[in-house]
Amino acid sequence: MTISEIAKMAGVSSAAVSRYLNNGSLSQQKRECIAKVIEETNYQPSEYARTMRTKKTKRIGVIVPQIDSESSPEILSGIGSVMDQMNYHVLLMDSNRCLSKELRMLETFQQSQVDGLILAASVLTEEHMRLLGQMQCPVVIVGQKCEEYSCVYHNDFQASYEMMKYLLKSGNTYPAYIGVNRRDLAAGLNRYLGVKKALEEADIVMETIPCEEADFTMQSGKEAMRRLLMTGRKIDCLFCATDMIAVGAITCLREHGLCVPEDIRISGIGHGLVADILTPQLTTVHFHYRTSGLEAARLILEQIQNPQAEKKSRMLSYRMMFQGTA
């Protein structure tokens, strides 16, 4: 079924059908005639023809670092809810925290017909920035502050600072820290710096406390905790850069016969589902991941509609969750 055939059946011109499909100016009588034929024939406009006509694909590319993380499903839920309302399709790619794979995904989206790209970034290297600069569509970054593009991010520094202050105010004097790679400016560097500032205010030098690095998995947190225990140093409180790391650390402590929080108080960041199903529940920081997805989706649509729109940077609030393990 073509536009010409629809026009003939409705008794109007092809131009009138085209205006109808594009919400153009049209008399009510012609609009009703065309609508009747379209309903009777179940006509669906050609996706290719629409793309050629409007130069829009109604597709958004999204890259996440780990689809089964605590944050990615929430971010995607936010993005999806906005895109569904606007009849956009989401093309999702998961890099599984592989940097080279993530860069290849950026190259793929360079060659794909998408109206915009949302990158849930953990690391923004020079190569990332080079490839993003070659994109022929708007870009929004989620999870990292970025001067070059519109972005939505969390207050990692202040949240970590406040949580470590809380641990120290609870009467603990032998803190430890399990962080992530500081090339990740948000979860790695900024959370480290927040903890460091809180320690300095308590006259504790960050470099003198037991510290380990983990990735974003429970198993890695468990192994990092085991390494801390092997040092033989006294620890009465532990700050973990993510909830999953904290859960791994708690598992390790229990296997060694230590009680949480009686022997060691533990806190994390993120407040995913795992934080609430622990017994006792994990003291953590609630980040609004779904909101970050909502905001990123709105920003990308704003830039699609107005390519000259000013770049915007949005830092989201957080909420301290003082629960059972700290």
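Thresholds applied
- Residues numbered from 1 in each chain as written.
- Predicted model: local features only at pLDDT ≥ 70, side-chain atom pairs only at ≥ 80, totals over all residues.
- Heavy atoms only, no water.
- Pairing = 2+ DSSP bridges.
- Helix = DSSP H or I, 4+ residues; strand = E, 2+ residues; numbered from the N terminus.
- Axes fitted to C-alpha atoms, helices over the stretch in contact; angles between N-to-C directions.
- Expected span 1.5 Å × (residues − 1).
- Buried < 20%, exposed > 50% of the residue type's maximum accessible area, 1.4 Å probe, protein only.
- Contact = heavy atoms within 4.5 Å.
- Polar contact = N/O pair within 3.5 Å; in protein donor to acceptor, adjacent residues only side chain to side chain.
- Phe/Tyr/Trp six-rings, centres within 6.5 Å; stacked < 30°, edge-to-face > 60°.
- Lys NZ or Arg CZ within 6 Å of the ring centre and 35° of its normal.
- Arc of directions from axis to C-beta.

Colleague: Got a minute to help me understand the sheet that holds strand β11 (residues 313–316) in this structure?
Modeller: Neighbouring strands of a sheet are bound in pairs by backbone hydrogen bonds; such pairs are parallel or else antiparallel. Strand order in the open sheet formed by 6 strands is β2-β1-β3-β4-β5-β11, and the pairing between neighbours is parallel. Of all strands in the sheet, those with a lone pairing partner are β2 (89–94) and β11, marking the two edges. Taken pair by pair, the neighbouring strands of this sheet meet at an average axis angle of 15 degrees, ignoring direction. Pairing geometry for strand β1 (residues 59–64) and strand β3 (residues 116–120), over 4 bridges, is parallel.

Colleague: Help me out: how do you make sense of helix α9 (residues 185–201) in this one?
Modeller: Residues spaced three or four apart along an α-helix face the same direction, because each turn holds 3.6 residues. Taking 1.5 Å of rise per residue, the 17 residues of α9 would be expected to cover 24 Å, and the 22 Å separating its terminal C-alpha atoms lies within 8% of that figure. Looking at α9, one finds that the buried residues are Ala-186, Ala-187, Gly-188, Arg-191, Tyr-192, Gly-194, Val-195, Ala-198 and Leu-199. Buried residues along α9 sit in contact with α8 (156–169), β6 (175–179), β8 (237–240), β10 (284–287) and α13 (289–305). Sitting at the head of α9, Asp-184 places a side-chain oxygen 3.1 Å from the backbone nitrogen of Ala-186. Two residues or fewer after α9 comes Asp-203, characterised by a positive phi angle close to 60 degrees.

Colleague: Help me out: how do you make sense of the packing of aromatic side chains in this one?
Modeller: Each pair of aromatic rings is reported with the distance of its centres and the angle of its planes. Counted under the stated rule, the structure contains 4 aromatic pairs. Taken together, a centroid distance of 4.3 Å and an interplanar angle of 35 degrees make the contact between Tyr-166 and Phe-322 tilted. Of this pair, Tyr-166 sits in helix α8 while Phe-322 sits in the segment after β12 (318–321), and the two are 156 residues apart along the sequence. Each ring, one from Phe-287 and one from Tyr-289, has its centre 6.1 Å from the other, and the planes form 90 degrees; the classification is edge-to-face. For the pair Phe-287 and Tyr-289, a shared accessibility class is recorded, and that class is buried. Of the aromatic side chains, those joined through ring pairs into one cluster are Tyr-177, Tyr-192 and Phe-239. Note that Arg-97 overlies the ring of Phe-216, its terminal NZ or CZ placed 3.7 Å from the centroid.

Colleague: Quick question: what am I supposed to make of helix α7 (residues 126–133) here?
Modeller: Of all the positions in α7, only His-128, Leu-131 and Leu-132 are classed as buried. Along the axis of α7, the buried residues cluster in a sector spanning 100 degrees; they form a single face. For α7, the exposed residues set more than 90 degrees away from the buried face come down to Glu-126 and Gly-133. For α7, the secondary structure elements touched by its buried residues are α6 (99–111), β3 and β4 (139–142).

Colleague: When you look at the environment of Ile-245 in this model, what are you seeing that I'm missing?
Modeller: Positionally, Ile-245 belongs in helix α11 (residues 243–255). With a relative accessible area of 0%, Ile-245 lands in the buried category. In sequence terms Ile-245 and Asp-263 are 18 residues apart; their C-alpha atoms lie 18 Å from each other.

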